[in-house]
Amino acid sequence: MGLTGGVLAIDAGNSKTDVAVVAVDGTVLGTARGGGFRPPAVGVRAAVDTLAEAVGEACARAGVEAVDHVSACLANADLPAEEEELAAALHARAWGASVEVRNDTFAILRAGVAEPCGVAVVCGAGINCVGMRPDGRTARFPAIGRISGDWGGGWFLAEEALWHAARAEDGRGEPTELARTLPAHFGLGSMYALIEALHLGRVAHARRHELTPVLFATAAAGDGVARRIVDRLAEEVTTMAVVALTRLDLLTDQAPVLLGGSVLAAGHPQLDDGVRRLLAERAPKARARVVRERPVLGAALLGLDRLNADPRARERLRAHFAQGGG
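Residues numbered from 1 in each chain as written. Predicted model: local features only at pLDDT ≥ 70, side-chain atom pairs only at ≥ 80, totals over all residues. Heavy atoms only, no water.

Counting across every chain of the model gives one aromatic pair. Sitting above the plane of the phenylalanine 141 ring, arginine 247 keeps its charged end 4.7 Å from the centroid. (Phe/Tyr/Trp six-rings, centres within 6.5 Å; stacked < 30°, edge-to-face > 60°. Lys NZ or Arg CZ within 6 Å of the ring centre and 35° of its normal.)

The strand order across the open sheet formed by five strands is S8-S7-S6-S9-S10, and the pairing between neighbours is mixed. On the outer flanks of this sheet lie strand S8 (138-140) and strand S10 (287-290), each paired with one strand and no other. Direction aside, the axes of adjacent strands within the sheet are offset by 15° on average. Bridge analysis of strand S6 (residues 118-123) against strand S7 (residues 127-132) gives six bridges, and the strand direction is antiparallel. Residue pairing across strands places valine 121 opposite cysteine 129, the latter belonging to S7. (Pairing = 2+ DSSP bridges. Helix = DSSP H or I, 4+ residues; strand = E, 2+ residues; numbered from the N terminus. Axes fitted to C-alpha atoms, helices over the stretch in contact; angles between N-to-C directions.)

This part is about the pairing of strand S4 (residues 64-74). When you tally the buried positions in S4, you get nine out of 11 residues, the bulk of the element. Pairing analysis gives seven bridges linking S4 to strand S5 (residues 96-103), with the strands arranged parallel. Each bridged residue has a counterpart across the sheet, and for alanine 72 the counterpart in S5 is valine 101. Taking the sense of rotation as the criterion, the β-α-β connection linking S4, helix H3 (residues 80-91) and S5 turns out right-handed. (Buried < 20%, exposed > 50% of the residue type's maximum accessible area, 1.4 Å probe, protein only. Right-handed = clockwise from strand over helix to strand, strands pointing away.)

Attention now goes to the packing of helix H11 (residues 295-306) against helix H12 (residues 311-322). Each pair of packed helices can be summarised by the angle the axes make with each other and by the distance between the axes. The contact between H11 and H12 brings their axes to 10 Å, and the two run at 170°. When the axes of H11 and H12 are compared, the pair comes out roughly antiparallel. Residues Val296, Leu297, Ala300, Leu301, Leu304 and Asp305 of H11 form the contact with H12, whose own contacting residues are Ala313, Arg314, Leu317, Arg318 and Phe321. By residue class, the composition of the contact of H11 with H12 is eight nonpolar, no polar and three charged. (Parallel < 35°, antiparallel > 145°, perpendicular 65-115°, else oblique. Contact = heavy atoms within 4.5 Å. Nonpolar A, V, L, I, M, F, W, Y, C, P; charged D, E, K, R; others polar.)

Spelled out as structure tokens, the structure:
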């Protein structure tokens, strides 16, 4: 094994990591999948060790030890300081001559556009938005929770639904079917029972995310409180997109707005219609669509961009993933 003139692409989320070794002509030489990337929970060294397992497997399949450039799009790389720290940690592994670390939202954006231009809003466990232009300009948000002004994401929506349901049952809030549907999801008869089960650990904390689909189902059935929560999410998604478009001077262009993450990709009609209606009002030239491409494709394309690869290389790479390549 030796050095190849190409890209090591890494897309690392909280739950899984995808790695691809790509030659400079766009040929995929090897791929692998690994565990989640969670430096806040386990520390940078242990998190990068998890990446190393998948990287080693992909490089072995490709028959290489190192590449020209490492393009890593990583969850939890929310601030430039975190990107710099993670880039240094990856550079120390000697996987490539150069290393660039970006937030994983950039991978979703780049996967969905023919050139590095547009905005992506991702709503999965959390919510984030980034934008980029071919000249290298970017727009982004800290996206680290309420302290950075965020509203939304699957975990947040579940907490919001629980808050309204608890207050509805005890009389402090407006009546809502959430007071019935949330506990019913766990086979419980009241919000009091669910509150007790969550507090005492009889329902694991990690299962709270299961309540987000219940919220959307309750909204789809016509519940007013649930529908207002969904409408608020549509407002937040649109606001982030419009601000990013404005920062990049793309508001008057036919710029793509890519929607990704488990919540935005789930096809909830009220949310989808709300986002598109609000975008039509505030950014009428923007073109919204859900990203179906795998984010590791975006990480690889960013790497090829960095190497100034031939446009045919990008076409070859896209064709590989479009045909279901691993």
